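Chain and residue survey
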Amino acid sequence: MNTHVFDQAIALTATGDGRYTGATSPAYANMVGPFGGVTAATALNAVMRHPALLGEPLSLTVNFCAALADGPFAVSAQPVRTNRSTQHWVVAITQAGASGEAETVVTATVVTAARRSTWSVDDEPMPSVPMPDAVAPYAVPSPVEWIRRYELRPVEGAIPHRWDGGGSDSRSRLWMRDVVPRPLDLCGLAALADVFFPRVWLRRATRVPAGTVSMTVYFHAGSVQLAEVGHGWVLGQARAQAFRNGFFDQTALLWNEAGHLLCSSHQVVYYKE
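Every value quoted in this text rests on a predicted model; they were computed, and no experiment measured them.

Analysis parameters
- Residues numbered from 1 in each chain as written.
- Predicted model: local features only at pLDDT ≥ 70, side-chain atom pairs only at ≥ 80, totals over all residues.
- Heavy atoms only, no water.
- Salt bridge = Lys/Arg side-chain N within 4 Å of Asp/Glu carboxyl O.
- Helix = DSSP H or I, 4+ residues; strand = E, 2+ residues; numbered from the N terminus.
- Buried < 20%, exposed > 50% of the residue type's maximum accessible area, 1.4 Å probe, protein only.
- Disulfide = S-S within 2.5 Å.
- Core = buried A, V, L, I, M, F, W, Y, C linked by side-chain atoms within 4.5 Å.
- Contact = heavy atoms within 4.5 Å.
- Lys, Arg positive; Asp, Glu negative; His and termini not counted.
- Polar contact = N/O pair within 3.5 Å; in protein donor to acceptor, adjacent residues only side chain to side chain.
- Patch = residues over 30% accessible without salt bridge, like charges linked within 9 Å, V, L, I, M, F, W, Y side chains within 5 Å.
- Areas by Shrake-Rupley, 256 points an atom, 1.4 Å probe, with all protein chains shown as cover.
- Phe/Tyr/Trp six-rings, centres within 6.5 Å; stacked < 30°, edge-to-face > 60°.
- Lys NZ or Arg CZ within 6 Å of the ring centre and 35° of its normal.

Overall, the coordinates contain 10 salt bridges when judged by the stated rule. Each of D7, R182 and D185 takes part in one network of salt bridges that share partners.

Even without being glycine, A205 reaches a positive phi, approximately 50°. Looking at the element boundaries, A205 is found in the loop between α4 (199–204) and β9 (210–219). With a relative accessible area of 5%, A205 lands in the buried category.

Bringing the state of the cysteines into the picture now. Scanning all chains against the criterion turns up zero disulfides. Unpaired in terms of disulfides, C65 finds its nearest cysteine sulfur in C187, a separation of 20 Å. For C65, a relative accessible area of 47% translates into the label partly exposed. Left without a disulfide partner, C263 is nearest to the cysteine sulfur of C187, which lies 13 Å away. Judged by its relative accessible area of 0%, C263 is buried.

We now examine the nonpolar core. Side chains of nonpolar character tend, in soluble globular proteins, to be buried together. The biggest cluster of nonpolar side chains holds 58 residues, and the ones touching the most others in it are F6, Y28, Y150, M176 and L254. The element best represented in this core is helix α2 (residues 36–48), accounting for seven residues. For Y28, the residues in contact, after removing those within four places along its chain, are V5, F6, A9, P34, F35, V38, W146, R149 and Y150. In this structure, I159, F197, L202 and Y271 belong to the second largest nonpolar core, which totals 10 residues.

All right, on to the side chain of R199 then. Relative to the helices and strands, R199 resides in helix α4. For R199, which is buried and forms no salt bridge, the nearest opposite charge comes from D169, at a distance of 7.1 Å. Here S172 takes part through its side chain, which lies 2.8 Å from a polar atom of the side chain of R199. The contact partners of R199, leaving out residues within four places of it in the chain, are S170, R171, S172, A238, R239, A240, F243, F248 and Q250.

Among the surface-exposed residues, V213, F247, V268 and Y270 lie close enough to one another that they form a single nonpolar patch of about 300 Å² accessible area. By the element assignment, Y270 lies in strand β13 (residues 261–271).

This next bit is on the side chain of Q237. In this structure, Q237 sits in strand β10 (residues 234–239). Reaching out from Q237, the side chain makes a polar contact with the side chain of R173 at a distance of 2.6 Å. Setting aside residues up to four positions removed in sequence, Q237 forms contacts with P127, R171, S172, R173, F196, T251, A252, L253 and W255.

All right, on to the packing of aromatic side chains then. Enumeration over the complete set of coordinates arrives at 10 aromatic pairs. Each member of the aromatic cluster is reached from another via a ring pair, and the members are F6, Y28, F35, W146 and Y150. Sitting over the face of the ring of F197, R199 holds its NZ or CZ atom 4.8 Å from the ring centroid. Looking at R207, its charged tip hangs above the ring of W201, at a distance of 5.9 Å from the centre.

This is the structure we're talking about:
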């Protein structure tokens, strides 16, 4: 059975205690370097593969220090503290720079936990939207390769067809899933949390250079709940709160078709005038 292109992209080879090597995938190429979501998933995968792992991820924070260049890289994932039910991790991705010396391009922190059954409720209901079969697929051609890996069906807030400065709102809602069927898991969910195009493009209907500086994903579902999603659709919602002095933030929420909140995300993004 062939390995899914996503699993190929986040694949790591162990080289020592919490140390791995990997390589960027042309299938997830972005304008500069790879799609940030697949980089975040790679950092999480290093923790998921570690033999000392306790439980499953609660949160993932990824800081994009520099653009990841096409080619090989090294990953280090180290548990810095393990408690009775939680574990704290520090992750770094490095590449050889122009001088040949290793340079840090990504840092990340991960908190994992052994979850237990308690009273639970979703306090953020899924919005009432048309189901995926009633929504037309994303039809705007994209110059980047990674977007071809996902089937996207925008309900509202699609990427502007006209860049005329007439934007008025930053909210998007869209159905999403892998084009090639792949059961949803925690690494896949981390990547889906980053599929939204820059909010500044929608709010202004003006295309300006933009890139994520830091992204955090909070996992409200574990592997068992995600296995129930399978290759089903996920509804994503993203919006910004403020644009100021070259940076804006973005909140995102992702639900399964049954309306259960799978994860929430927050990121800060740089934009250039």
